[in-house]
Amino acid sequence: MTARVVEFDRTWSRFRDDGAVARLRAGETVDLGPDAPALLGLYDRLEALSDGAVNPLVGGGLEALGYDAGYSLRPMGAPVAAPAWSSARRDGSTLTLPEGSVLDVGAAGKGFLVDAVAAVVLATGQQCVVDASGDLAHHGPTSDAAPLGVALEHPADPSRAVGVAELAPGRALCGSATNRRAWGQDLHHVLDARDGRPARDVVATWVVAGSAAEADGLATALFFLDPVGNADRLAAAGWPDLEAVWLDATGLHATSSFTGEVFA
Amino acid sequence: MTLPRTKKLTLTTVAAATLLLSACGGSDEGDDTTPTPSPEAADETASEEGSGSYSAGDYSAEGSYQTPGGTQSVVVDLTLEEDGTVSAVTVEPQADGGNSEQFQTKFAGGIADKVVGVKIDDLNVSKVSGSSLTSGGFNAAVDEIKAEAAA
């Protein structure tokens with residue numbers, strides 16, 4: 001299991017200079033291995049759904065704002081829009097990017113890894129709950145069909161919750177919030193790839209989905225997409241009746257499909 | 001700021017450590033750890049009977065990690081049973097000002113007014129989901145505990 005995690009990190013991390021991301025940046029064609037079709041395929045769906053706001057080439061934009069491998073945390077000039085995802089060339093698991101492009105799978109990569117770790121455990125015939133610091137997949141005992149109670153942490157006060165999700169076995173929950181990975185006036189890690197600027201309207205999101213990868217990626221997409229107003233688009237993209245909770249300037253919201261309770 | 005993020009884990013130590021490892025995705029944070037071993041409640045009798053390679057007892061370790069808001073740290077306390085399972089884990093973020101606190105204050109002004117929420121201690125929940133960035137420090141701290149218990 002550790003080997004699985006280490007390999008994933010080596011392949012996909014933007015925070016190391018010996019991995020695939022560095023070679024892609026130099027314009028090389030890189031084989032990203034067996035995870036690539038599924039992970040990049042998910043990004044295809046998210047990119048289309050969000051009209052390009054979610055784009056795995058957002059890494060350069062994050063660096064421009066100072067969220068780089070060295071954590072310089074000083075913006076270097078104006079925000080930088082990501083190269084169009086359509087400019088990437090794919091062939092199976094290989095990828096070629098325009099030189100200088102910085103791959104960043106931060107939107108869905110962690111959830112993807114949660115699923116991968118769960119798969120390792122499930123392959124041994126054991127059940128598990130994988131909790132990657134709040135991005136979690138429930139593969140626990142199904143005999144009593146007990147949902148897992150998960151507090152939705154208040155973005156401004158970690159001792160409080162804005163709601164509780166009742167996570168059924170076989171489901172995954174991921175959250176995203178802009179409060180902690182933030183480093184200056186209105187600077188945080190959830191960028192709109194189209195202009196390279198941090199999301200402004202939404203502060204925190206949670207999504208329950210059939211996999212942690214989907215929940216993680218959708219949690220990012222909801223910073224740019226109201227799931228109620230875009231329910232039809234979500235359904236067309238393969239995510240009907242999305243279970244979501246989000247906090248924006250007008251308060252706390254949940255879709256009617258959300259299983260649990262919100263305190264607002 | 002004290003947050004009992006996970007009250008009861010019923011995982012084996014190996015599974016727990018691996019799951020935590022899965023959370024550290026992006027980088028190798030948390031190299032700068034300060035072990036504070038305190039196996040004061042270690043049960044020597046139980047450890048002799050145990051078949052695992054770790055000694056039963058209560059352990060505590062502190063791990064630090066880099067955030068965009070500066071270096072922060074968490075203290076992890078866990079109880080190791082003689083059969084190798086972790087019966088209790090608590091994580092206490094060590095709030096120390098810096099950007100994170102500034103941002104929490106800023107957001108608190110804008111949002112806490114609208115959404116108060118409920119104390120997590122008052123809820124019957126197994127897990128907490130929110131913004132995540134304690135994993136590197138948590139992982140480093142657990143590594144210290146593993147090294148100490150295996151000694």
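The model shown is predicted, which means the values in this text are computed figures rather than measured ones. (Residues numbered from 1 in each chain as written. Chains lettered and ligands numbered in written order. Predicted model: local features only at pLDDT ≥ 70, side-chain atom pairs only at ≥ 80, totals over all residues. Heavy atoms only, no water.)

Help me understand the pairing of strand 4 (residues 128-132) of chain A, please; the structure alone is not making it clear to me.
In regular strands, side chains alternate between the two faces of the sheet. Residues and elements named next belong to chain A. The buried fraction of strand 4 amounts to 5 of the 5 residues, a majority that puts the element mostly inside the structure. Across the two faces of strand 4 the burial is the same, with Cys-128, Val-130 and Ala-132 and Val-129 and Asp-131 all buried. As paired elements, strand 4 and strand 5 (residues 135-139) share 5 bridges and run antiparallel to each other. Bridging across to strand 5, Cys-128 finds its partner in His-139. Where strand 4 hands over to strand 5, the hairpin turn is made up of 2 residues, of which Ser-133 adopts a positive phi near 55°. (Buried < 20%, exposed > 50% of the residue type's maximum accessible area, 1.4 Å probe, protein only. Helix = DSSP H or I, 4+ residues; strand = E, 2+ residues; numbered from the N terminus. Pairing = 2+ DSSP bridges.)

Explanation requested: the packing of aromatic side chains in the structure shown.
Within a pair of aromatic rings, the relevant descriptors are the distance that separates the centres and the angle that separates the planes. Residues and elements named next belong to chain A. Considering all chains together, one arrives at 2 aromatic pairs over all chains under this definition. The interplanar angle of 35° and the centroid separation of 6.2 Å between the aromatic rings of Phe-8 and Trp-12 together place this pair among those described as tilted. One end of the pair is Phe-8 and the other is Trp-12, both in helix 1 (residues 2-12) and 4 residues apart, which spans about a single turn. With relative accessibility at 3%, the residue Trp-12 sits in the buried group. Seen in terms of ring centroids, Phe-8 and Phe-112 are 5.9 Å apart; in terms of plane orientation they differ by 15°. Their pairing is stacked. Placement of Phe-8 in helix 1 and of Phe-112 in helix 5 (residues 109-122) is noted, with a sequence separation of 104 residues between them. You'll find Phe-8 and Phe-112 in the same group, each marked buried. Among the aromatic residues, those joined into a cluster by ring pairs are Phe-8, Trp-12 and Phe-112. Residue placement shows Arg-45 over the ring face of Trp-239; its charged tip is 3.9 Å from the ring centre. (Phe/Tyr/Trp six-rings, centres within 6.5 Å; stacked < 30°, edge-to-face > 60°. Lys NZ or Arg CZ within 6 Å of the ring centre and 35° of its normal.)

Help me understand the pattern of salt bridges in this model?
Side chains that carry opposite charge are capable of pairing whenever their charged atoms lie near each other. Residues and elements named next belong to chain A. Within the structure shown, the criterion is met by 15 salt bridges over all chains. When the shortest N-O distance is used, the salt bridge between Arg-14 and Asp-104 registers 2.5 Å. You can see Arg-14 sitting in the loop between helix 1 and helix 2 (20-25) and its partner Asp-104 sitting in the loop between strand 3 (94-96) and helix 5, a full 90 residues away along the chain. Accessibility expressed as a relative area gives 10% for Asp-104, which makes it buried. If you follow the salt bridges from partner to partner, you end up with Asp-9, Arg-16 and Asp-18 in one network. (Salt bridge = Lys/Arg side-chain N within 4 Å of Asp/Glu carboxyl O.)

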